[in-house]
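# Structural features, examined
Here is how the chains run, residue by residue.
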Amino acid sequence: MATTVLIVDDSKLARIVAGKAIQALEPGWERVEASNADEALARVAAGGVDVAVLDFNMPGKDGLALAAELRALHPSMPLAIITANVQDEVIARARAVNATFVAKPVTEEGLRGFVSGATLRLRAGVR
Amino acid sequence: MSVRLDGPVIRLEGACRVEDAEPLLSFLQEEPGRVVDLSAAGGLHAAVVQVLLALRPPLAGPPGDPFTERWLAPLLAGPPPG
Amino acid sequence: MSELLEQFLIEGRELAQQATEDLLALERDPADAARLDSAFRAVHTLKGSVALFDLQPMQRALHAAEDLLDAVRAGRLGVGRGVIDALLDCIGASEAWIEALARTGTLPADAPGRGRGLEEALRAPLQEDSGAQPASAEPPSDASWAIALAAAEAPAVAAAHAAGQEVTALRYVPAADCFFLGDDPMALLRAVPEMIALRLGARQPWPDGAAMDPFACNLVIELLSTAGEAELRQAFRFVADQIATAAIAPSAPASAPASASEEASAPGGAPGLGGRSLRVDAARIDALMDLVGEMIVAKNGLAHLVAQVVAQLGEADPRLARALGESQAGIEALAEQMHRTVLGVRMTPLARSFNRLPRLVRDAAAELGKTVVLDIRGEAVEADKAIVDGLFDPLLHLLRNAVDHGIEPPEARAGAGKPAAGRITLEARREGEGILVEVADDGRGIDPARIRQAAKARGLMPEAAIDALGDEEAVQLVFRPGFSTASAVTSLSGRGVGMDAVRAAVEALGGRVSLASRPGAGSTIRLLLPQGAAVTTVLLVRLGGEVFGLPSDAVAETARIPAGRILPLRQGEAFVLRDRTVPLVRLSALLDLPGTPRGEMVRMAVVGSGAARVGVEVDGFAGRADVLLRPLPGLLSGMPGLLGTALMGDGQVLMVLDMPGLIG
């Protein structure tokens, strides 16, 4: 079964950009999208999501809050937080849930590290 | 494939990513005397550098990548500090 | 990528609309946190989207807007009128730019300037915000690692300090599972600015080959850099919880690093000295300014050539043409930025010019048996050094005029119910983008009737025209060349050097002068000046073998008419321009240079406006140029009718003419 990555961002433009970058790095991965935290949680609950890429700045529940919830449900799922501004408390929160930062605007190079690490973790067999 | 065995020499080619650390370690563990050739290697992921630092294999000539040559080669040369 | 652009246009318009609604609501109810949050997110998202395309002015403006909103969200700043205005301006500009992108695919040509203005307005409230940078919550660490590192790399440290650079040490211990998160500490190291030393160690002793887990990070990274602590931390901001920094201060033998919370002291500076400053010889700044001036001229030449090449090349090799155009645009932007930066270096308080005036005024008053109080305000206002220096002569003249002709003798003042001491105010303040300098006195003012009489006596204008002027306009006649007595020239006494010299001097600095007066109550002269040395657009005209510059502002239009249509008029000549008769003079005559014989077509620049238009005949036109006008030192040096000089790209000096002064 192909690795499935969930892209969560309220901006369709940003989802397109992230999708293209992921496709360039891992053409074999399947991509699914959600535009807010509730949709994301619903999609993950439906099963089959292996990796998630979350925009930090979303209305309602922000990317870090979503990451914390996903982390509680899936202790080893590779999670990336996409953000432009990083403040120290935000970094600390991300570290606390073991999420990776990826800078905006999202590029192939910027995502490469996360994708490599995610592949590594998935290979280690823990989901 | 960024890590390949060419006779007695382990050649690292292009940019070496995190996953390349594993085959590199295997090749070095199989035959501790093997020489590592970095002349065609690009950027090395920290995991790869770590393996080289821990095992200190002999290097076949200067690395091709400028950063590696300037900053890492001096640290990889010679026996590990006591 | 047009799918991306289309999506951007759709989302951009929505985000701008959302932000506008949020800001307006926030203005009505500053406590509405939800609106504040929504506005921040809209601006943040818009900024992020803009970053996908190369739209620097828009991105920078939105970044400033985001910072401002962030400061408000964090409670560091209130939602005042100024804040809302600046943000709404930014959103408005963003909307206009989005539409421009939709229409033409690029931002309009004035975008950089407009963006800068928006940025300044948005950052201004932030300047007063102290403590904008949250200190990183790092446990105080013992800096023994830094001492050891500095000792081990002593040669590199010494070399850096000898070159006047500060040295910062950084220790980075990545988390053991960082590879699974996608971190690559090596990649971070490659991006470290100005690294001068690197050491790699192990947190735990390296296991022997068999037991090693290649994916558990065991590295301890220590490095030295001359980039400065803030910049260095910036490179590691995503792993800020895994690093420690320390400043390595220079000192004799054993290099002792300061603790992580102290600033690195300036090399060779006394301890306790805060910021870094340099004393620079003013001549060096002038030389730098000259270079900038030449660069502006050169970039104009380049622009002209690029336009030609693009026109010819455009079809054959559009990619190259476009690349050329972009490169040239990049150079334009850099040249402008350089100009502004160097101007910034040259900013000086007006006090430099004002300081010498009180004593001179006191002397002049004493000479004339009058008592005068000179009140100076705003001397801390800053302007470009050239403007500050160039103001001294005109101001001195105006003040002496005020003392001599303005302030009445003590008996007359007593008779008019005024205090015995005359009062003169010299005040400077910022006005919009420029500076206003006012000289006001409470003397006798200017009598329009006397001005009219003097103007008639000097034959400045037909008498009927003089009579037709209103009182306020009549007073402005003092600025006309020829109003002052002709014997002019050497001393700066109240007589002789006229207001037209003041006008020319102020205009040469890029400013304007005006006069208001109430008979019996006093006069006020207002000088409106730019803050920085202005780049003047000049029309280049040929005369004989030489080229002269006419300020674009002074030229209403250029014209070519057949020689046969020149008519004699009184002692001179005239021609008909759109049903009106306009006098014609030859520039050669005005400059007292030999004229060349007329060809079939007569070329002229029409200066002045309305009934006061005059055609100035030249041999030909040589285009336009943006130049840095250097006013003439002192009011009186050089030819009358010369506004200043400018250096051309080929090293020649261009004389820029003062048209009102020449024509009179």
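Notes on the structure follow. Within any chain, residue numbers begin from 1 and follow the written order of that chain's sequence. Note on labels: chains are lettered from A, ligands numbered from 1, in written order. Thresholds applied to this predicted model are a pLDDT of at least 70 for local features of residues and 80 or more for the giving and counting of side-chain atom pairs; totals over whole chains, interfaces and linings are not thresholded and use all residues. With hydrogens and water stripped out, all remaining heavy atoms of the structure feed into the side-chain values.

## Points about the overall build of chain C
Let me state the cut-off plainly: Under the DSSP-based scheme used, a helix requires at least four consecutive residues in state H or I and a strand at least two consecutive residues in state E, with every element numbered from the N terminus. The rule is simple: take the accessible area with a 1.4 Å probe, protein chains only, and divide by the maximum for that residue type; under 20% is buried, over 50% is exposed, in between is partly exposed. Only heavy atoms matter for contacts: two residues are in contact if any of them lie within 4.5 Å across the pair. Values of accessible area rely on a 1.4 Å probe in the Shrake-Rupley scheme; residue burial ignores everything except the protein chains shown.
Of regular secondary structure, chain C possesses 21 helices and 23 strands. Every one of the 664 residues in chain C was classed for burial, and the buried ones make up 44%. Counting contacts in chain C only where the partners sit at least 6 residues apart, residues at least 24 apart contribute 68% of the total. Taken as a whole, chain C presents about 32900 Å² of accessible surface, with 54% of it coming from carbon and sulfur.

## What about the interface of chain B and chain A?
This is how the line gets drawn: Accessible surface is computed with a 1.4 Å probe, and the buried area is the amount of it that two parts give up when combined, taken over both parts together. What counts as a salt bridge is simple: a side-chain nitrogen of Lys or Arg found within 4 Å of a carboxyl oxygen of Asp or Glu. We define a polar contact as two N or O atoms separated by no more than 3.5 Å, with the added condition that, inside protein, one atom must be a possible hydrogen donor and the other a possible acceptor, whereas residues neighbouring each other in sequence contribute only through side-chain atom pairs. Each residue is assigned to one of three groups, with Ala, Val, Leu, Ile, Met, Phe, Trp, Tyr, Cys and Pro labelled nonpolar, Asp, Glu, Lys and Arg labelled charged, and all others, Gly among them, labelled polar.
Tallying the contact residues gives four residues for chain B and four residues for chain A. Taken over both partners, the interface formed by chain B and chain A buries close to 380 Å², and the fraction arising from carbon and sulfur atoms is 52%. Area buried by chain B at its contact with chain A is led by Arg17(B), Val18(B) and Glu19(B), which between them contribute 82% of it. Where chain B touches chain A, the interface holds one salt bridge. A salt bridge links Arg123(A) to Glu22(B), with the nearest nitrogen and oxygen atoms 2.9 Å apart. The interface formed by chain B and chain A contains one residue pair in polar contact (both at pLDDT 80 or more). Classifying every residue of the side of chain B that touches chain A by side-chain character gives one nonpolar, no polar and three charged.

## Quick word on the pairing of strand 4 (residues 243-248) of chain C
Residues and elements named next belong to chain C. Test applied: Here a strand pair is declared whenever DSSP counts at least two bridges between the two strands.
Counting buried positions along strand 4 gives six out of six residues, so the element sits mostly inside the fold. Across the two faces of strand 4 the burial is the same, with Ile 243, Thr 245 and Ala 247 and Ala 244, Ala 246 and Ile 248 all buried. The pairing of strand 1 (residues 167-172) with strand 4 spans six bridges and is antiparallel. Within strand 4, the position partnered with Ala 169 by the bridge is Ala 246.

## Some thoughts on a nonpolar patch on the surface
Operational definition: Surface patches are defined over residues having more than 30% relative accessible area and no salt bridge, joining like charges when they lie within 9 Å and nonpolar side chains (Val, Leu, Ile, Met, Phe, Trp, Tyr) when within 5 Å.
Where nonpolar side chains cluster on the molecular surface, the patch consists of Leu288(C), Leu291(C) and Met338(C) and spans about 250 Å² of accessible area. One can find Met338(C) in helix 11 (residues 318-345).

## Overview of the interface of chain C and chain A
Between chain C and chain A, the residue contacts involve 32 residues of the former and 29 residues of the latter. Carbon and sulfur atoms make up 59% of the area that chain C and chain A hide from each other, which totals about 2800 Å². Three residues, Phe180(C), Leu181(C) and Phe238(C), lead the burial of chain C against chain A; their summed loss comes to 26% of the area buried on that side. Our enumeration of links across chain C and chain A arrives at zero salt bridges. Applying the counting criterion to the chain C and chain A interface returns six residue pairs in polar contact (both at pLDDT 80 or more).

By themselves these figures say nothing about function.
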